[in-house]
Amino acid sequence: MSGFTRTRQPQPLTRAQAIAILQPIASEEIAAILSQQDVFRLDHDCVNPAGHDAIASCGDVVCPHCAKVFWR
Ligand SMILES: [Zn+2]
């Protein structure tokens, strides 16, 4: 017998699998956007003299200096 072994069709992702893939990408993108502009017109009340930074942490967008949460 020759040829190839037929395999199953790829299964669609479940909602949880899609979230696990997309959430890190989305939070990194949001952090990159927020680090470039002050979209929420936040007052500069940060311990960092240069103001808030935005980084992705555990799916949230937070300031690494004062732990302010910008996006959850
Ligand atoms: Zn801050």
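Going by the structure above, here's the rest.
What you are looking at is a predicted structure, and each value in this text was computed from that prediction instead of being measured. (Residues numbered from 1 in each chain as written. Predicted model: local features only at pLDDT ≥ 70, side-chain atom pairs only at ≥ 80, totals over all residues.)

1. A short note on the overall build of the protein chain
- Helices and strands together make up the secondary structure of the protein chain, namely one helix and three strands.
- Starting at the N terminus and ending at the C terminus, the protein chain contains elements arranged as α-β-β-β.
- For a compact globule of 72 residues, the expected C-alpha radius of gyration is about 11 Å, and the protein chain comes in at 20 Å, more than 25% above that figure.
- Seen through its C-alpha atoms, the protein chain measures out along the principal axes to roughly 75 × 20 × 20 Å. (Helix = DSSP H or I, 4+ residues; strand = E, 2+ residues; numbered from the N terminus. Rg over C-alpha atoms; globule rule 2.2 N^0.38 Å.)

2. What to know about the sheet that holds strand β2 (residues 60-62)
- On the basis of which strands lie adjacent, the open sheet formed by three strands has the order β1-β2-β3 and antiparallel pairing. Each having just a single partner strand, β1 (55-57) and β3 (69-71) make up the two edges of the open sheet. On average, adjacent strands in this sheet sit at an angle of 45° to one another, irrespective of strand direction.
- The pairing of β1 with β2 spans three bridges and is antiparallel. Bridge pairing in β2 links Ile55 to Val62. (Pairing = 2+ DSSP bridges. Axes fitted to C-alpha atoms, helices over the stretch in contact; angles between N-to-C directions.)

3. A look at helix α1 (residues 15-36)
- Its 22 residues place the ends of α1 31 Å apart at the C-alpha level, agreeing with the 32 Å of an ideal helix rising 1.5 Å per residue.
- A bend of about 35° at Leu22 is the largest found in α1, and the proline Pro24 appears one to four places after it.
- Along α1, the positions that sit buried rather than exposed are Ser27, Ala31 and Leu34.
- The inward-facing, buried residues of α1 contact β1, β2 and β3. (Expected span 1.5 Å × (residues − 1). Bend = angle between axes of the 7 residues up to and from the residue. Buried ≥ 20, exposed ≤ 12 C-beta atoms within 10 Å, placed from the backbone. Contact = placed C-beta atoms within 7 Å.)

4. Points about unusual backbone geometry
- One non-glycine residue, Cys58, adopts positive backbone phi at about 55°.
- One can find Cys58 in the loop between β1 and β2.
- Its identity as a non-glycine residue notwithstanding, Ala67 has a phi of 65°, on the positive side.
- Within the secondary structure layout, Ala67 lies in the loop between β2 and β3.

5. Looking at the nonpolar core
- If you look at the biggest cluster of nonpolar residues, it comprises seven residues: Ala31, Leu34, Ala54, Ala56, Val61, Val62 and Cys63.
- Those elements giving two or more residues to this core turn out to be α1 and β2.
- Non-local contacts of Val62, meaning those with residues more than four positions away in its chain, are made with Ile55, Ser57, Ala67, Lys68, Val69 and Phe70. (Core = buried A, V, L, I, M, F, W, Y, C linked by C-beta atoms within 7 Å.)

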